[in-house]
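Coordinate inspection notes
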Amino acid sequence: MRAPRSLMSLDDVDLGDHVCQVLDHADDVLDRSRAFVADGALHGDKVVIVGPTHQAQSEFPRVVLDPARLEGSLLAAVRREAATADRQGFRSLRVLHHVSPGCCAEQTEDLLRSELDLEEFAADTGALVVCAYHGADWDLSAFQQIGCVHPHWLGSRPVAPAFRVFRAGEESWAVNGIVDSDGAAAFGAVLCALLAQTATVRLHCHALEFFDASGMSVLADTVRLLPDRKVVLEGANDTVRLCWELSGFAVPDIPVVMAP
């Protein structure tokens, strides 16, 4: 069972992990990730680096995918590499994604969708995916959205998100932690991205510790404004279900189902 956790180093990355690696401004991403890349040969993994070609020169064998030159989505590219790795007899695919900061809300939205795709890819295939961010280069609100869809975290700045949304099984996701006023906007952005791809989003809430009124309002507003969409919350505790009803959200025009 996959579960969110903080890592001490990239040595702790395991099959199926999707890690947000937060770097200081002066850190060199390849230098800080050298062991992760080198371990590909040790464990029999094929290594893919996503980033500008000039950043990927070193003694270790790898495939380099430059986002500026990709034809199609990043997900499609890494899936092709994973299929090739399987045919070539590799254990798995090891992806190091150096993410450059976006400059507008539309780019942040696209990146969030891409990170959700990579989370699904890692969980479903067993690939090891590390997404490296220089935290100081990012707007805090944008980084909160991006960080919360990585179940695994390495680095202390900015502070790790209070909640995580991650792949929990075929066609389902899990919510872990606390969704309150500080994280409500990020939670809404994640929901919008998920609902844009599927008519029904299933969220396992067994490890959801706290869900306040602002989080519930965002959930209700998001699903109400999107046509023919539904959210199913499974395993929410009695307090969450009661608060949902007392807040007036348990009505037919808000297509949210609170399931046991």
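Note that the structure is a prediction, hence the values are computed from the model and not measured.

**Considering the sheet that holds strand E7 (residues 152-154)**
Taking strand neighbours across the sheet as the criterion, the 7 strands line up as E1-E7-E2-E6-E5-E3-E4 in an open arrangement whose pairing is parallel. The strands lining the two open edges of the sheet, one partner per strand, are strand E1 (5-6) and strand E4 (63-65). Judged from the 5 bridges that link them, strand E5 (residues 93-98) and strand E6 (residues 128-134) form a sheet pairing that is parallel. If you follow leucine 96 over to E6, its bridge partner there is valine 130.

**As for the nonpolar core**
Core analysis: the largest hydrophobic core is formed by 35 residues, its most contacted members being Phe187, Leu203, Phe211, Leu219, Val231, Leu233 and Trp244. In terms of nonpolar packing, the next biggest core, distinct from the first, is built from 26 residues, Leu75, Val99, Leu111 and Trp153 among them.

**A short note on the pattern of salt bridges**
This structure, assessed with the given rule, holds 14 salt bridges. A salt bridge links aspartate 17 to arginine 5; the nearest nitrogen and oxygen atoms lie 2.6 Å apart. Note that aspartate 17 is positioned in the loop between E1 and strand E2 (18-23) and arginine 5 in strand E1, a separation of 12 residues in sequence. Judged by its relative accessible area of 5%, aspartate 17 is buried. Residues arginine 113 and aspartate 117 are paired through a salt bridge, measuring 3.0 Å at the closest nitrogen-oxygen approach.

**Some remarks on the side chain of histidine 134**
By the element assignment, histidine 134 lies in strand E6. In this structure, histidine 134 is in contact with Leu23, Asp24, His25, Asp27 and His98, ignoring residues within four places of it in sequence.

Criteria and cut-off values
Residues numbered from 1 in each chain as written. Predicted model: local features only at pLDDT ≥ 70, side-chain atom pairs only at ≥ 80, totals over all residues. Heavy atoms only, no water. Pairing = 2+ DSSP bridges. Helix = DSSP H or I, 4+ residues; strand = E, 2+ residues; numbered from the N terminus. Core = buried A, V, L, I, M, F, W, Y, C linked by side-chain atoms within 4.5 Å. Buried < 20%, exposed > 50% of the residue type's maximum accessible area, 1.4 Å probe, protein only. Salt bridge = Lys/Arg side-chain N within 4 Å of Asp/Glu carboxyl O. Contact = heavy atoms within 4.5 Å.

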